[in-house]
Amino acid sequence: MSQSVCILGATGSIGQSTLKVLDRHPEKYSIFALSAYSRIEELGEICKQYQPKVVVVPFDKVDQLQKVFKEKNLKNIEILTDKEGLITVAKHPEVDVVMAAIVGAAGLLPTLAAVHAGKRVLLANKEALVMSGDIMMQAAQKSGALLLPVDSEHNAIFQCLPQNYLQIETNQEPQLGVSQILLTASGGPFLNHSSDQLKHVTPAQACKHPNWSMGRKISVDSATLMNKGLELIEACHLFSIKEHFVTVVVHPQSIIHSMVQYIDGSTLAQMGNPDMCTPIAHALAWPERIETHVPPLDLFALHRLDFQAPDTDRFPALTLARQAMQSGGLAPAILNASNEIAVEAFLNEQIGFMDIPAVSDFVLNEIANSSADTLDMILDIDRQARQSAQHRIMQLSK
Ligand code: NDP
Ligand code: MG
């Protein structure tokens, strides 16, 4: 039977890759709902091609979308708006699969709604899990939602873990003979930049990733290594382990997408050409496999794979994330919110590249941490951290 899919963030990089995978399997999947935020023309094009039943856009974009629908002679597509609309489609009874591909904290509530409703949730929106941690994991356990990682590293780890790993009792220690997780990082576009050079890099340079084509926010996160920091936190929650069981390995070719080590000396790696269609297809079809356009690896053309330890002096974001995970409670949510604001300020050329981790460091020190017992506490600290980051940015950009 065909599965009904909702793509939150259909106009983004992950959204587009998801559509590319679905294109090849029209008999297996149909599209129920799509969301967009600013790219309304693009949404119109996607709607023309896929004829969803529902779309979600911000309230102030409805007029523009209706105009686009009229021009394209599109009828019978219901338009919902804002957060409420996103939550409605994420938990809609007709939806089987939710691709959570909104960027940042804006994806938290709809992703959680999908998890509470017991959907198959394909998680690209790592910020949602970084912020809500145990709350999201417990909600998945309670509802029976299948929370499947789309982030290429976590998808790779998932592929290298024993099949029944996600079903076991969670207790913060690796289970079933697993000893360590090796989280690979490309190192981003500035891997070999000196500290001095890093101070002067521009948004355009930061958004030009050597191996992956991605949205602007995650591209900057990859350049600061905050992306790896957020992924470290993501891995701890998804696989229920403490942060010291996760080692970050810089691997500039992005061919190995991460590894799992076992107590018997084995190391399992998942490899492939760097294309998000592979982890998306894996999470869509798991435990089955479906075909994608991604060509198989040509090992003879590769010649070599390199590995090195990350330099946390030049890339302090990684240390901030590790410390936030160690502290636990609301610290990861504070880190995430301050980073989102700092990245935006960097993209708007208000602050320099090295100010991005400095802003998070400042905010983490300024705001008192406590346990993250409720969603309201997380949303409240998210607001506080954003304010504090804005304030710091004003001081820095004077
Ligand atoms: P993009 O910026 O390309 O896309 C983001 C999507 O979210 C767009 O559809 C955008 O709409 C929508 N959006 C942005 N802001 C809001 C908002 N405030 N409310 C509702 N919707 C919003 O990002 P990516 O696709 O690159 O990344 C998406 C998520 O996936 C991120 O969390 C990222 O970390 C994660 N990820 C991405 C990878 C990649 O290769 N790109 C790899 C691994 C994880 P619009 O475009 O219409 O404005
Ligand atoms: Mg990743």
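Look up: the structure comes first, before these words.
Residues numbered from 1 in each chain as written. Chains lettered and ligands numbered in written order. Predicted model: local features only at pLDDT ≥ 70, side-chain atom pairs only at ≥ 80, totals over all residues. Heavy atoms only, no water.

S.K.: Would you explain the coordination of the magnesium ion (ligand 2) in this entry?
M.R.: Six octahedral donors around a metal ideally sit at 90 or 180 degrees from one another, while four tetrahedral donors ideally sit at 109.5 degrees. Listed as protein donors to the magnesium ion (ligand 2) are Asp-151 (OD), Glu-153 (OE) and Glu-231 (OE); their distances from the metal cover 2.1 to 2.2 Å. Along the chain, the residues donating to the magnesium ion (ligand 2) fall in the pattern D-x1-E-x77-E. Here Asp-151 matches Glu-153 in class, with each residue buried. (Donors = N, O, S within 2.8 Å, 3.2 Å for Na, K, Ca; no water. Buried < 20%, exposed > 50% of the residue type's maximum accessible area, 1.4 Å probe, protein only.)

S.K.: Help me out: how do you make sense of the pairing of strand β6 (residues 120-123) in this one?
M.R.: Where burial is concerned, the two faces of β6 agree: the one with Arg-120 and Leu-122 and the one with Val-121 and Leu-123 are both buried. Pairing of strand β5 (residues 97-100) with β6, which is carried by 4 bridges, proceeds in the parallel orientation. Paired with Ala-100 across the strands is Leu-123, a residue of β6. Once the chain exits β5 it traverses helix α5 (residues 108-116) before rejoining the sheet at β6, and the crossover so formed is right-handed. (Helix = DSSP H or I, 4+ residues; strand = E, 2+ residues; numbered from the N terminus. Pairing = 2+ DSSP bridges. Right-handed = clockwise from strand over helix to strand, strands pointing away.)

S.K.: Got a minute to help me understand unusual backbone geometry in this structure?
M.R.: Both trends apply: most residues other than glycine have a negative phi, and most peptide bonds are in trans. Cis geometry is adopted by the peptide bond preceding Pro-287, which originates at Trp-286 and carries an omega value of 5 degrees. Unusually for a residue other than glycine, Leu-225 sits at a positive phi of about 75 degrees. Mapped onto the fold, Leu-225 is located in the loop between α11 (216-224) and α12 (226-238). Residue classification places Leu-225 among the buried residues on the basis of a relative accessible area of 5%. In this model, Glu-349 sits at a positive phi of 60 degrees, which is unusual for a non-glycine residue. Along the chain, the position of Glu-349 falls in the loop between α16 (331-347) and α17 (355-366).

S.K.: Help me understand the pattern of salt bridges in this model?
M.R.: Any two side chains of opposite charge can pair if their charged atoms end up close together. On inspection of all chains with the given rule, the structure shows 18 salt bridges. Residue Asp-382 pairs with Arg-386 through a salt bridge whose shortest N-O separation is 2.9 Å. With Asp-382 and Arg-386 both in helix α18 (residues 375-396) and 4 residues apart, the pair spans about one turn of that helix. With relative accessibility at 19%, the residue Arg-386 sits in the buried group. Among the ionic contacts, a cluster of salt bridges with common partners joins Lys-126, Asp-151, Glu-153, Lys-228 and Glu-231. (Salt bridge = Lys/Arg side-chain N within 4 Å of Asp/Glu carboxyl O.)

S.K.: Whenever I open this one, helix α2 (residues 40-50) confuses me. Can you help?
M.R.: Because the α-helix completes a turn every 3.6 residues, residues three or four places apart line up on one side. Among the residues making up α2, those that are buried are Ile-40, Leu-43, Gly-44, Ile-46, Cys-47 and Tyr-50. All buried residues of α2 project into a common sector of 165 degrees when viewed along the axis, lining one side. Looking at the packing, one finds that the buried side of α2 touches α1 (13-23), β2 (29-35), β3 (54-57) and α3 (62-71). (Arc of directions from axis to C-beta. Contact = heavy atoms within 4.5 Å.)

S.K.: Mind showing me how you'd approach the sheet that holds strand β1 (residues 3-8) here?
M.R.: Backbone hydrogen bonds hold the strands of a sheet together, and the pairing may be parallel or antiparallel. Taken together, the 7 strands give an open sheet; going across it, the order is β4-β3-β2-β1-β5-β6-β7, and neighbouring strands pair in parallel fashion. Only two strands of the sheet have a single neighbouring strand rather than two, namely β4 (78-81) and β7 (146-149). Between one strand axis and the next, the sheet turns by 25 degrees as a mean value, whatever way the strands run. Of the strands in this sheet, β3 and β4 are in contact with α3, which crosses β4 at around 165 degrees. (Axes fitted to C-alpha atoms, helices over the stretch in contact; angles between N-to-C directions.)

S.K.: Teacher, can you tell me more about the site of ligand 1 here?
M.R.: Every one of the 23 residues lining ligand 1 counts as a neighbour, but Thr-11, Tyr-37, Ser-38, Arg-39 and Glu-127 are closest to it. Ser-38 places a side-chain nitrogen or oxygen 2.6 Å from an oxygen atom of ligand 1. Within the contact set of ligand 1, an oxygen atom lies 3.5 Å away from a backbone nitrogen or oxygen of Val-103. Protein chains bury 89% of the 900 Å² of accessible surface belonging to ligand 1 in isolation. (Near = heavy atom within 4 Å. Polar contact = N/O pair within 3.5 Å; in protein donor to acceptor, adjacent residues only side chain to side chain. Areas by Shrake-Rupley, 256 points an atom, 1.4 Å probe, with all protein chains shown as cover.)

S.K.: Help me understand the environment of Gly-9 in this model?
M.R.: Turning to its location among the elements, Gly-9 is positioned in the loop between β1 and α1. When its relative accessible area of 9% is taken as the criterion, Gly-9 is described as buried. When the C-alpha atoms of Gly-9 and Met-99 are compared, they prove to be 8.2 Å apart, with 90 residues separating the residues in sequence. Setting aside residues up to four positions removed in sequence, Gly-9 forms contacts with Gly-15, Ser-35, Ala-101 and Ile-102.

S.K.: I'm lost on helix α13 (residues 277-285) in this one. Help?
M.R.: For α13, the buried fraction is high: 8 of the 9 residues fall into the buried class. Taken together, the buried positions of α13 are occupied by Cys-277, Pro-279, Ile-280, Ala-281, His-282, Ala-283, Leu-284 and Ala-285. On its buried side, α13 packs onto α1, β2, β5, β6, β7 and α8 (152-160).

S.K.: Honestly, the packing of aromatic side chains in this entry has me stumped. Any pointers?
M.R.: Under the defined criterion, the tally for this structure stands at 3 aromatic pairs. Taking the centre distance of 5.2 Å and the plane angle of 85 degrees together, the rings of Phe-190 and Phe-353 count as edge-to-face. One end of the pair, Phe-190, is in the loop between β8 (178-185) and α9 (195-199); the other, Phe-353, is in the loop between α16 and α17, and 163 residues separate them in sequence. Residue classification places Phe-353 among the buried residues on the basis of a relative accessible area of 1%. Ring-pair connections join several aromatic residues into one group, and the members of that group are Phe-190, Phe-346 and Phe-353. Note that Arg-392 overlies the ring of Phe-362, its terminal NZ or CZ placed 4.4 Å from the centroid. (Phe/Tyr/Trp six-rings, centres within 6.5 Å; stacked < 30°, edge-to-face > 60°. Lys NZ or Arg CZ within 6 Å of the ring centre and 35° of its normal.)

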